[in-house]
Amino acid sequence: MDSDLSPQDKKDLDKFIKFFALKTVQVIVQARLGEKINTCSSSSPTGSDWFNLAIKDIPEVTHEAKKALAGQLPGIGRSMCVEISLKTSEGDSMELETWCLEMNEKCDKDIKVSYTVYNRLSLLLKSLLAITRVTPAYKLSRKQGHDYVILYRIYFGDVQLTGLGEGFQTVRVGIVGTPIGTITLSCAYRTNLALMSSRQFERTGPIMGIIIDHYVERPFTNMAHMHPCSYRAPGEDEGGTYAGIEDSQEVCTTSFSTSPPSQVMPSLSPFHLVTVRRFRLFNADFSFVSSAKFDSMFVCVCGSEVKTVSPSDALETTFTRKVGAFVNKATTQVTTTSLDLPFAAFAPRAYDLQENDPMVHPPPSPAPSSPLQGSLHSNTSSHSGGQPQDDFVMVDFKPAFSKDDLLPMDLGTFYKEFQNPPQLASLSIDVSVQSMAEDLDSLPEKLAIYEKNIDEFDAFVDTLQ
Amino acid sequence: MNCRSEVLEVSVEGRQVEEAMLAVLHTILLHRSTGKFHYKKEGTYSIGTVGTQDVDCDFIDFTFVRVSSDELDRVIRKAVAEFKDALGNSGSDGMGQISLEFYQKKKSRWPFSDECIPWEVWSIKVNVVNLANEQERQICREKVGEKLGEKVINIVEVINRHDYLPKMPTQSEVDNVFDTSLKDVQPYLYKITYQITDSLGTSVSTTMRRLIKDTLAL
């Protein structure tokens, strides 16, 4: 009963639960970004590190979490859930796990809010850090990139586990008793990764989720569900400040008392702007899942390249397919090799296949992240006009081991220019005509000289024999 | 007060011993370390911030989280390296046990030395297996990764029972509960010992150097 709780304790408890929920979301999403997380310990408390743990705040994630909470707190019958799903380059999607922050009615009236509950919530966050690296989705998230991306969605209310398929497993991260109920944190994760084909999964349009993406320039604000949660910064200082909590009214409790409960002394500190950094997409051939937790293997998806999503690209991640090893998309290969060309497989497929290829969507204004992708686009654009005679396909010459960078004289250009020896001056038409005439005129004189010196020539020939 | 005792068992290949032990020990210490205490007047104290770091294993398909403290990492690595060497040199079937014990110091009057009272002991039994070929090693990589995942879940389960923890000490008592020797984090007082089981099955007790900071000795 709340009446047993002092107003200060109630206020503190609500604050703890709110920030615990926000930090829980941060830990989960950051664990699915696809790279290792590294934060520094600090012996001096800064006043902005909730639960005495260095957990950075990605602003977009905080924003999404606050939006989902909509001013409420997780409570009895009101659970906060973070759903992690996978979306392939072909548009198939699958829920991988759902993290649930719930509260049940079992109360612990005697527990000290500002001390015991706070420390136990800190312990629970540490457990969450450990467990997020153990569930199967972690390995998948570390390999995301070309063939699939990992999305997250936060919702509030009833827990929905139906999307996890049959036989999903549950792992409990931990519980913390409070005077108003017991907080429980758990994860339900999928174990059955059946074949991912369009027949098995509904193509319901945009996935309800947020891309944990790296290359996005800015958030997708014009789509209801999809938001990237990347953040970028030039030269973040790892040992420096952490993201501050947006709400400047909220400071975290870092002072405790060894004597009987006394007034908690919050230490105020200026909140620093978020320093962010850009994450790098991992490129990995997503061919199979090796964890035994899954009952079946993923079907090999053909290698594809995830292009940078430019700011004007609103929602879609566009894909430019290149043929990779172990491609088992037979249709693509058949179409490609139907062109009667040597090395037809290496010809850009864009000009003929893109219209029929559902995977490739013409980007409104592509902003390639690397010159290599840029050159692929240049191929596309140069052929999109449609030449009347398509007997020959211009293949952009890319010599092996060369970097197609922005230097004016790159290896390819150099090679083309100096591939053949320069034309001999005497063989050029204009010059040769003139010299021929001159030669003819001077011929009699030369013959006369040679006849005069014939003895010398004979002696020379004798020396050679 | 009874000492809580937990036993974990892992079977690993020789080159996986180090990483497997580090994964388990660091996971436990992550939960048993706090930020540095800063005592103020009127009996209040504030706690520093603990950072965390993901560590990818080279020989196991596994990533674990450790406290961001290079000092602590060095101490644990040294202990694990000694255990691994002892395991390798024993000439036995490769069975041993490494124990992480958390204890409290209880001051005794002179001439008696302080008493160390353990309140939680984690024992990790290791069985080293030999593998014949690369394919088996690859399978072992994945299987040991899964097993370590299960161990992490076990550890978290025990920790979150919220059983006995030493009471937060006053400034004068802090060294009886915590290891205050590190600059950036403050684990509970702990020591690591190991035992190698020889081929006869008897345990040869080899006590490692104590990893405690005896403030009285300074």
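Sequence positions are assigned chain by chain, starting from 1 and proceeding in written order. Note on labels: chains are lettered from A, ligands numbered from 1, in written order. In view of the model being predicted, local features appear only for residues whose pLDDT reaches at least 70, and side-chain atom pairs are presented and counted only at 80 or more, with totals across whole chains, interfaces and linings using the full set of residues. The basis for the side-chain values is all heavy atoms of the structure; hydrogens and waters are excluded.

Student: What is the right way to read the overall build of chain A from this model?
Tutor: Runs of E in the DSSP output that reach at least two residues are strands. Runs of H or I that reach at least four are helices, and both are numbered from the N terminus. Scanning chain A from terminus to terminus reveals 10 helices and 9 strands. Only protein chains enter the accessibility calculation, which uses a 1.4 Å probe. A residue is then buried if its area is under 20% of the maximum for its type, exposed if over 50%, and partly exposed in between. When the 465 residues of chain A are sorted by exposure, 46% land in the buried category. Once local pairs closer than 6 in sequence are excluded, the contacts in chain A between residues at least 24 apart make up 75%. Only carbon and sulfur atoms are counted for the fraction: they give 57% of the accessible area of chain A, which is about 24100 Å². Whether two residues are in contact is decided by their heavy atoms, any of which lying within 4.5 Å being enough. Note on areas: these come from Shrake-Rupley sampling with a 1.4 Å probe, and a residue is covered only by the protein chains present in the view.

Student: When you look at the nonpolar core in this model, what are you seeing that I'm missing?
Tutor: Most often, soluble globular proteins have nonpolar side chains that are buried together. Take the buried residues of types Ala, Val, Leu, Ile, Met, Phe, Trp, Tyr and Cys, join any two whose side-chain atoms come within 4.5 Å, and each joined set is a nonpolar core. Membership of the largest hydrophobic core comes to 119 residues, with the highest contact counts inside it found for M21(B) and V126(B). The biggest single contributor to this core is helix 3 (residues 113-131) of chain A, with 12 residues. Among residues more than four places away in sequence, those in contact with V126(B) are V10(B), V12(B), V17(B), M21(B), F83(B), L87(B), G94(B), M95(B) and G96(B).

Student: Explain the confidence of the model for chain B here, please?
Tutor: Detailed reading of the predicted coordinates is not advisable wherever pLDDT is low. All names here are of chain B. The predictor rates its confidence in each residue with pLDDT, a number between 0 and 100. Looking at chain B as a whole, its pLDDT mean stands at 87, while 89% of the residues score no less than 70. By mean pLDDT, the top-scoring element of chain B is strand 6 (residues 63-67) (97), and the lowest-scoring one is strand 11 (residues 203-206) (51). A low-confidence stretch, residues 205-218 stays under pLDDT 50, and its non-local contacts, those more than four residues away or across chains, total 27 contacts. The complex model carries a pTM of 0.64, and its ipTM stands at 0.90.

Student: Just checking my understanding: could you explain the pattern of salt bridges for this structure?
Tutor: Side chains that differ in charge, positive against negative, can pair when their charged atoms come close. All names here are of chain B. Salt bridge, as used here, is a side-chain nitrogen of Lys or Arg placed within 4 Å of a carboxyl oxygen of Asp or Glu. On inspection of all chains with the given rule, the structure shows 23 salt bridges over all chains. The residue E71 makes a salt bridge to K183 at a minimum N-O spacing of 3.7 Å. Of this pair, E71 sits in helix 2 (residues 70-89) while K183 sits in the loop between helix 4 (174-177) and strand 9 (185-187); the two residues are 112 residues apart in sequence, bridging distant segments of the chain. The exposure class of K183 is exposed, given its relative accessible area of 63%. Across the pair E134 and R137 runs a salt bridge, and its minimum N-O distance is 3.3 Å. Here R137 and E134 lie together in helix 3 (residues 134-159), a separation of 3 residues that amounts to about one turn. By sharing partners, the salt bridges in this structure join E13, R15, E134 and R137 into a single network.

Student: What's the story with the packing of helix 1 (residues 7-31) of chain A against helix 2 (residues 59-69) of chain A in this structure? I'm lost.
Tutor: Relative orientation and spacing of two packed helices are given, respectively, by the angle between their axes and the distance between those axes. All names here are of chain A. Working convention: axes come from line fits to C-alpha atoms, limited for helices to the stretch in contact. Angles between N-to-C directions cover 0 to 180 degrees. Remark: helix 1 packs on helix 2, axes separated minimally by 10 Å, with the N-to-C direction vectors making an angle of 130°. Of the possible angle classes, the one that applies to helix 1 and helix 2 is oblique. The interaxial crossing formed by helix 1 with helix 2 has right-handed handedness. On the side of helix 1, the interface is formed by A21, L22, V25, Q26 and V29, while helix 2 contributes V61, T62, A65, K66 and L69. Three classes are used, and their members are as follows: Ala, Val, Leu, Ile, Met, Phe, Trp, Tyr, Cys and Pro are nonpolar, Asp, Glu, Lys and Arg are charged, and the others, Gly among them, are polar. Residue composition of the contact of helix 1 with helix 2, grouped by class: 7 nonpolar, 2 polar and 1 charged. With respect to orientation, any angle under 35 degrees is reported as roughly parallel, any angle over 145 as roughly antiparallel, any angle of 65 to 115 as roughly perpendicular, and every other angle as oblique. Should the near helix be turned anticlockwise from the far one by less than a right angle, the crossing is left-handed, and should it be turned clockwise, the crossing is right-handed.

Student: Would you explain the pairing of strand 5 (residues 52-56) of chain B in this entry?
Tutor: For a regular strand, side-chain orientation follows a simple rule: the groups alternate between the two sheet faces. All names here are of chain B. With respect to burial, strand 5 is a largely interior element, 4 of its 5 residues being buried. Here, any two strands with at least 2 DSSP bridges between them count as paired. Sheet analysis places strand 5 next to strand 6, joined by 5 bridges and oriented antiparallel. The residue bridging D56 from the neighbouring strand is T63, located in strand 6. Between strand 5 and strand 6, which follow one another and run antiparallel, lie 6 residues.

Student: Teacher, can you tell me more about the environment of M103(A) here?
Tutor: Residues and elements named next belong to chain A. By the element assignment, M103 lies in strand 2 (residues 93-104). The class of M103 is buried, set by a relative accessible area of 10%. The spatial distance from the C-alpha of M103 to the C-alpha of I76 is 4.9 Å, given a sequence separation of 27 residues. When near neighbours in sequence (up to four residues on either side) are disregarded, M103 contacts I17, P74, G75, I76, G77, I180, G181, T182 and I183.

Student: What should I look at first to understand the pairing of strand 4 (residues 169-178) of chain A in this one?
Tutor: Judged from the 9 bridges that link them, strand 4 of chain A and strand 5 (residues 181-189) of chain A form a sheet pairing that is antiparallel. Bridging across to strand 5 of chain A, R172(A) finds its partner in S186(A).

Student: Please clarify how the side chain of S127(A) should be interpreted in this entry.
Tutor: If you trace the backbone, S127(A) turns up in helix 3. Using a relative accessible area of 0% as the deciding quantity, one classes S127(A) as buried. Among the polar contacts made by the side chain of S127(A), one reaches the side chain of N160(B) at a distance of 2.9 Å. What S127(A) contacts, discounting residues up to four positions off in sequence, is V173(A), H31(B), V156(B) and N160(B). We call two N or O atoms a polar contact when they sit within 3.5 Å, provided that within protein one can donate a hydrogen and the other can accept it, with sequence-adjacent residues counted only if both atoms are side-chain atoms.

Student: Any chance you could explain a negative patch on the surface here in plain terms?
Tutor: Residues and elements named next belong to chain A. Together, E438, D439, D441 and E445 give the surface a local cluster of negative charge. Inspection of the secondary structure assignment puts D439 in helix 9 (residues 429-452). You can call D439 partly exposed: its relative accessible area is 40%. Patch definition: residues with relative accessible area over 30% and no salt bridge; like charges joined within 9 Å; nonpolar side chains (Val, Leu, Ile, Met, Phe, Trp, Tyr) joined within 5 Å. When charges are counted, neither His nor the chain ends are considered; positive counts come from Lys and Arg and negative counts from Asp and Glu. Note that the charge is assigned to NZ on lysines, CZ on arginines, CG on aspartates and CD on glutamates.

Student: Help me understand the interface of chain A and chain B, please; the structure alone is not making it clear to me.
Tutor: How big an interface is tends to be reported as the loss of accessible area on association of its parts. At the junction of the two partners, chain A supplies 46 residues and chain B supplies 44 residues. The quantity reported as buried area is the accessible area (1.4 Å probe) lost by two parts once they are put together, taken as the sum for both. Summed over both sides, the interface of chain A with chain B buries roughly 3800 Å², with 53% coming from carbon and sulfur. In this assembly, chain A and chain B are joined by 3 salt bridges. Close ionic contact of D56(B) with R142(A) constitutes a salt bridge, the shortest N to O distance being 2.7 Å. Applying the counting criterion to the chain A and chain B interface returns 19 residue pairs in polar contact (both at pLDDT 80 or more). When residues of the side of chain A that touches chain B are traced back to their parent elements, those giving at least two are helix 3, helix 4 (136-142), strand 4 and strand 7 (255-257) of chain A. Ranked by residue count, the leading element in the side of chain A that touches chain B is helix 3 of chain A, at 9 residues.

Student: I would appreciate a short explanation of helix 2 of chain A in the present structure.
Tutor: Note on helix geometry: an α-helix contains 3.6 residues per turn, so any two residues three or four positions apart are oriented the same way. Residues and elements named next belong to chain A. For helix 2, every residue scored as buried is listed here: V61, T62, E64, A65, A68 and L69. Projected down its long axis, helix 2 shows its buried positions confined to an angular sector of 165°, all on one face. Taken from the residues just after helix 2, A70 is the one with a positive phi, measuring 50°. This arc describes the spread of directions from the helix axis toward the C-beta atoms.

Student: Explanation requested: the packing of helix 1 (residues 17-31) of chain B against helix 2 of chain B in the structure shown.
Tutor: All names here are of chain B. The geometry of helix 1 relative to helix 2 is characterised by a closest axis approach of 10 Å and an angle of 140° between their N-to-C directions. Between helix 1 and helix 2, the crossing angle belongs to the class labelled oblique. For the crossing formed where helix 1 meets helix 2, the hand is right-handed. Between helix 1 and helix 2, the residues in contact are V17, E18, M21, L22, L25, H26 and L29 and D73, I76, R77, V80, A81, F83, K84 and L87, respectively.

Student: Got a minute to help me understand the packing of aromatic side chains in this structure?
Tutor: Geometrically, a pair of aromatic rings is defined through the distance of the ring centres and the angle of the planes. Pairing of aromatic rings covers Phe, Tyr and Trp, the last counted by its six-membered ring, and requires centre-to-centre distances within 6.5 Å; plane angles under 30 degrees mean stacked, over 60 mean edge-to-face, and any other angle means tilted. Scanning all chains against the criterion turns up 17 aromatic pairs over all chains. On the basis of an interplanar angle of 50° and a centroid distance of 6.5 Å, the ring pair of W50(A) and Y118(A) is categorised as tilted. You can see W50(A) sitting in the loop between helix 1 and helix 2 and its partner Y118(A) sitting in helix 3, a full 68 residues away along the chain. The exposure classification of W50(A) matches that of Y118(A), with both residues buried. Their ring planes at 55° and their centres at 5.0 Å tell us that F37(B) and F178(B) sit as a pair that is tilted. Separated by 141 residues along the polypeptide, F37(B) in strand 3 (residues 37-39) and F178(B) in the loop between helix 4 and strand 9 bring together distant segments of the chain. The class of F37(B) is buried, set by a relative accessible area of 9%. An aromatic cluster of three or more residues is present, and its members are F37(B), Y39(B), Y45(B), F102(B), W119(B), Y164(B), F178(B) and Y188(B). Charge over a ring is defined by NZ of Lys or CZ of Arg lying within 6 Å of the ring centre and within 35 degrees of the ring normal. Of note, K191(B) hangs over the ring of Y103(B), and the distance from its end group to the ring centre comes to 5.2 Å.

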